[in-house]
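# Structural overview for review
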Amino acid sequence: MDKRSASTIGLAADTLLAAATQIWNCWLMADPQTQVPAPAPERLAGPGAAAPIAPAQWWLAFGAGARRVAAWLLFLVPRVLGALALLSALIVGALRWVDPPVSSFMVRQVLAAWRADRQAPAYYHTWVSWRQIPPVLPLAVIAGEDQRFADHHGFDPVEIRASLALWRQGRGLRGASTITQQTAKNLFLWPGRSWVRKGLEAWFTALIEVLWSKQRILEVYLNIVQFSPSTYGVGAASTRYFKRPVEAITLNEAALLAAVLLAPSAYRLERPSVRLLRRAAWIADQVPRLGGRRYLGRL
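Read on for an overview of the structure. (Residues numbered from 1 in each chain as written. Predicted model: local features only at pLDDT ≥ 70, side-chain atom pairs only at ≥ 80, totals over all residues. Heavy atoms only, no water.)

## A look at helix H4 (residues 136–145)
Basically, it comes down to this: Three exposure classes are used, based on accessible area relative to the maximum for each residue type with a 1.4 Å probe and protein chains only: buried under 20%, partly exposed in between, and exposed over 50%. In this text, helices come from DSSP runs of H or I with a minimum length of four residues, and strands from runs of E with a minimum of two, each type numbered from the N-terminal end. Whether two residues touch is decided by their heavy atoms; if any such pair falls within 4.5 Å, the residues are in contact.
Judged by how many residues are buried, H4 sits mostly within the fold: 9 of 10 residues are covered. If you check which residues of H4 are buried, you get Leu-137, Pro-138, Leu-139, Ala-140, Val-141, Ile-142, Ala-143, Gly-144 and Glu-145. Next to the buried residues of H4 lie helix H6 (179–188), helix H8 (214–224), helix H9 (233–241), helix H10 (251–260), helix H11 (274–290) and helix H12 (293–296).

Spelled out as structure tokens, the structure:
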């Protein structure tokens, strides 16, 4: 090795040793609580490329974005819910005078028939006015479904307490729905026991009780309630199963119609079971006990 090469190597070694010594001294003198790690070197990128964001900066940017989204949701969600509540109130208010052409249950029936590609009518339904409905029909429905209909405001606290007492005993929740609640469910909602549906049912029940009369609630209910898998309303049920208009329905026939409401998909009006006939006889016995037509005068 010549003298020039040896001199070059020696100079490089001295430089490396000086650099290492300087780094060591800086590390010893640094305060660990204020020490900030050196940023990572930027990657080579073309002109106009954004520099990489440090982890702390990324987290701050994410937090600012999350706050903006939360503020936007706090601004938007109450207004959307308020608009939906106002729209539902307007619809319910209009239906005090306008007869609903269909119900949500009828729409489900049409969709089911369309999916099954059935050629027969999806459902049978004929609207009849309150003047056409004989008093025995609303009385039979009240006797079988909701005997405190004239006294409560959409929710029956007596039945609710009884249902809760059975639930605490481990016997499961039994139905405590009023005629108003069933009207809300059949007209606007869907079958099921989810808390979402129950909450919406309570909202529509309150609107109906505030905006409709008791007589209007009964009129709509009797026209949309399901009497068989494809029959809705007393108008269609009376002509299909008793071969007579609704005005000619007798007390026993009205009691049979009211009895089937407990399970319209299971009971058959054309072939009533012993259990169904027994329930219909009980309902027919309850009608005069309610007070007959005097009860309807309280509505």
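## Some thoughts on H9
Of all the 9 residues making up H9, 7 are buried; the element is thus mostly covered by neighbouring parts of the structure. Residues Gly-233, Val-234, Gly-235, Ala-236, Ala-237, Ser-238 and Tyr-241 constitute the buried set of H9. Where H9 is buried, its residues meet strand E1 (124–125), H4, H8, strand E2 (226–228), strand E3 (231–232) and H10. Phi turns positive, to about 55°, at Lys-243, one or two residues after H9.

## Overview of the packing of aromatic side chains
Think of a pair of aromatic rings as described by two things: how far the centres are apart, and how the planes are tilted against each other in angle. Short version of the rule: Pairs were defined over the aromatic rings of Phe, Tyr and Trp, the Trp ring being its six-membered one, requiring ring centres within 6.5 Å. Orientation was assigned from the angle between planes: stacked under 30 degrees, edge-to-face over 60, tilted for the rest.
Enumeration over the complete set of coordinates arrives at 2 aromatic pairs. Between Tyr-123 and Tyr-232, the ring centres sit 5.9 Å apart and the planes meet at 90°, which makes this aromatic pair edge-to-face. Placement of Tyr-123 in the loop between helix H3 (104–116) and E1 and of Tyr-232 in strand E3 is noted, with a sequence separation of 109 residues between them. Here Tyr-232 falls in the buried class, since its relative accessible area comes to 1%.

## Some thoughts on the side chain of Gln-182
This is how the line gets drawn: In the analysis that follows, any N or O atom pair within 3.5 Å is treated as a polar contact, provided that within protein one partner can donate a hydrogen and the other can accept it, and provided that, for residues neighboring in sequence, both atoms belong to side chains.
Here Gln-182 lies in helix H6. Engagement of the side chain of Gln-182 in a polar contact is seen with the side chain of Glu-145, the distance being 3.2 Å. With near-sequence residues (within four places) excluded, Gln-182 lies in contact with Glu-145, Ser-177 and Tyr-221.

## A closer look at the sheet that holds E1
As a reminder, the rule being used: Whether two strands pair comes down to DSSP finding at least two bridges between them.
Pairing is mixed across the open sheet formed by 3 strands, whose spatial order is E1-E3-E2. Looking along the sheet, the strands with just one partner apiece sit at the ends: E1 and E2. Relative to E3, E1 is paired through 2 bridges, and the arrangement is parallel. Following the sheet pairing, Tyr-124 is matched in E3 by Thr-231.

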